[in-house]
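Spelled out from the first residue to the last, the chains are:
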Amino acid sequence: MRGEKPHAAGPRFGPAGVPPECSGILDALPFVKGEGLSAFEMEFVQGVKMGPELAGKIGKLAGDLEILLSCHAPYWINCCALEEVKINRSVHHLKDCVDVGQALGDPRFVIVFHPGFYLGQSSAESGKKVMSTMQRVVDVIREKGLRNVVLGMETTGKQSQFGTLDEILGVCSQMDFSVPAVDFAHLHARGRGCMRTEDDYLAVFEKIERKLGATAARGVHCHFSELNFDPVKGNERNHVPIGSASPPSPDFMPLAKVIVKNGLSPVLICESPLQDKDALKMKAIVEEADAAAKK
Ligand SMILES: [Zn+2]
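Residues numbered from 1 in each chain as written. Predicted model: local features only at pLDDT ≥ 70, side-chain atom pairs only at ≥ 80, totals over all residues. Heavy atoms only, no water.

## What about the pairing of strand E1 (residues 12–15)?
- With burial as the criterion, each face of E1 is covered, one bearing Arg12 and Gly14 and the other bearing Phe13 and Pro15.
- Across four bridges, the pairing between E1 and strand E12 (residues 267–270) is parallel. What sits directly across from Arg12, in E12, is Val267. (Buried < 20%, exposed > 50% of the residue type's maximum accessible area, 1.4 Å probe, protein only. Helix = DSSP H or I, 4+ residues; strand = E, 2+ residues; numbered from the N terminus. Pairing = 2+ DSSP bridges.)

## Examining the pairing of strand E11 (residues 235–240)
- Where strand E10 (residues 226–230) and E11 come together, five bridges link them in antiparallel fashion. Its bridge partner being in E11, Glu226 is matched across the sheet by Val240.

## Structural notes on the packing of aromatic side chains
- This structure, assessed with the given rule, holds five aromatic pairs.
- Centroid distance Phe184 to Tyr201: 5.3 Å. Interplanar angle 55°. Geometry classified as tilted. A residue pair is termed long-range when its members are at least 10 positions apart, and Phe184 in helix H6 (residues 184–190) and Tyr201 in helix H7 (residues 198–212) qualify at 17 residues.
- On the basis of relative accessible area, Phe184 is assigned to the buried category, the value being 1%.
- Relative to Phe252, the ring of Phe224 has its centre 4.9 Å away and its plane inclined at 70°; by these criteria the two rings are edge-to-face. One end of the pair, Phe224, is in strand E9 (residues 221–224); the other, Phe252, is in helix H9 (residues 252–261), with 28 residues separating them in the sequence.
- The exposure class of Phe252 is buried, given its relative accessible area of 1%. (Phe/Tyr/Trp six-rings, centres within 6.5 Å; stacked < 30°, edge-to-face > 60°.)

## Notes on the coordination of the zinc ion
- The coordination sphere of the zinc ion, as far as protein atoms go, consists of His72 (NE2), His114 (NE2), Glu154 (OE) and Glu154 (OE), spread over 2.1 to 2.5 Å.
- One can describe the donor arrangement at the zinc ion as irregular, given that its four donor atoms subtend angles of 54 to 147° at the metal.
- Coordination of the zinc ion draws on donor residues from a single chain, spaced H-x41-H-x39-E in sequence. Taken as a pair, His72 in strand E3 (residues 68–72) and His114 in the loop between strand E4 (109–113) and strand E5 (116–117) lie far apart in primary sequence, 42 residues in all. Across this residue pair, the class does not change: His72 and His114 are buried. (Donors = N, O, S within 2.8 Å, 3.2 Å for Na, K, Ca; no water. Tetrahedral: all angles 85-135°; square planar, octahedral: opposite > 155°, others 65-115°.)

## A look at the pattern of salt bridges
- Evaluated as defined, the whole model comprises twelve salt bridges.
- Across the pair Glu21 and Lys277 runs a salt bridge whose closest N-O atoms are separated by 3.1 Å. Pair noted here: Glu21 is in the loop between E1 and helix H1 (25–35) and Lys277 is in helix H10 (residues 275–294), with a separation of 256 residues, a long-range link.
- With a shortest N-O distance of 2.7 Å, Asp64 and Lys60 are connected by a salt bridge. In this pair, Asp64 and Lys60 are both assigned in helix H2 (residues 52–65), four residues apart and thus about one turn of the helix distant. We note that Asp64, like Lys60, is exposed.
- Through salt bridges with shared partners, a single network forms among Glu21, Glu35, Asp276 and Lys277. (Salt bridge = Lys/Arg side-chain N within 4 Å of Asp/Glu carboxyl O.)

## Considering the side chain of Glu271
- Structurally, the position occupied by Glu271 is in the loop between E12 and H10.
- Salt bridges are absent for the buried Glu271, whose nearest opposite-charge side chain, Lys158, sits at 12 Å.
- Apart from the residues lying within four places of it in its own chain, the contact partners of Glu271 are Ala16, His72, Glu154, Asp183, His223, Phe224, Ser225 and His239. (Lys, Arg positive; Asp, Glu negative; His and termini not counted. Contact = heavy atoms within 4.5 Å.)

## A few points about unusual backbone geometry
- Geometrically, the link from Ser246 to Pro247 is a cis peptide bond, its omega value of -5° lying close to zero.
- Inspection of the secondary structure assignment puts Pro247 in the loop between E11 and H9.
- Unusually for a residue other than glycine, Gln275 sits at a positive phi of about 35°.
- Following the sequence through the fold, Gln275 ends up in helix H10.

## Let's talk about a nonpolar patch on the surface
- A cluster of nonpolar side chains, Leu82, Phe117 and Leu119, forms an exposed patch at the surface whose accessible area comes to about 280 Å².
- Residue position: Phe117 is located in strand E5.
- Judged by its relative accessible area of 32%, Phe117 is partly exposed. (Patch = residues over 30% accessible without salt bridge, like charges linked within 9 Å, V, L, I, M, F, W, Y side chains within 5 Å. Areas by Shrake-Rupley, 256 points an atom, 1.4 Å probe, with all protein chains shown as cover.)

## Focus on the sheet that holds E3
- The strand order E1-E12-E9-E8-E6-E4-E3-E2 describes an open sheet built from eight strands, whose pairing is parallel. The two strands at the open ends of the sheet, each matched to only one other strand, are E1 and strand E2 (39–43). Put simply, the sheet's adjacent strands are angled 25° from each other on average, direction ignored.
- Where E4 lies against strand E6 (residues 149–154), five bridges are found, and the strand directions are parallel. Directly across from Phe113, in E6, lies its bridge partner Met153.
- Here H1 sits on the sheet in contact with E1, E2 and E3, set at roughly 155° to E2. (Axes fitted to C-alpha atoms, helices over the stretch in contact; angles between N-to-C directions.)

Shown next as structure tokens:
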């Protein structure tokens, strides 16, 4: 498989979506490359509106620039919905993302999505439903013979959503073509401000390693930003720029130190309102941690 070692060169950093200076993804890829970034997450949160021709051009350009692509699937996906019609619609949206992944021909294409809402169902019931819905998409990936496309289940930021780290890892350990997408800001909000120290971050990677193995843990797909959240109820409010919250919420430096000390190679997508600029800030913080470790 081409790109079997997409993370061999260390952590990758990139924005979620097209920076404001750019007119579209084809314009954004050389722009972010020029800035020093090497990952890019396409935002399909309001729907997948990309045909195979454009996707092919984007995949070729990203390959030439050595930028790793991923996408964020539509927000309204709910793999444990109560109504069959909503499940069918969720499968449809994920299949649309798979089609894009096929046309891209990218080495590794993570389709990030929020698995769903409990809607009164238990964690176990929701998990079963999420898996049966995902299985329909996995069947398509298999029928198409794709090896580059994986479903990236995101850790979610609200108590009403399926998607604690344990729930996500439980599903991923039982399903092919599924990987965790760790949103640290969401973990922090949901855990009422739990991501504070290096040990807190390291524990996330160790848990992934125990459940899915060392390779999955080292190269995990991540989202990072600071955010406002309700510390009593444990719900996210909104993402904010890196360094704007006081104290930082969550702080990127302890994560940077964990990455450096353990030689990890995650893909770090910045979901702050400043996208590429904050992705560069994150990259600089990792470089700072690296320099400090070598002293
Ligand atoms: Zn998300």
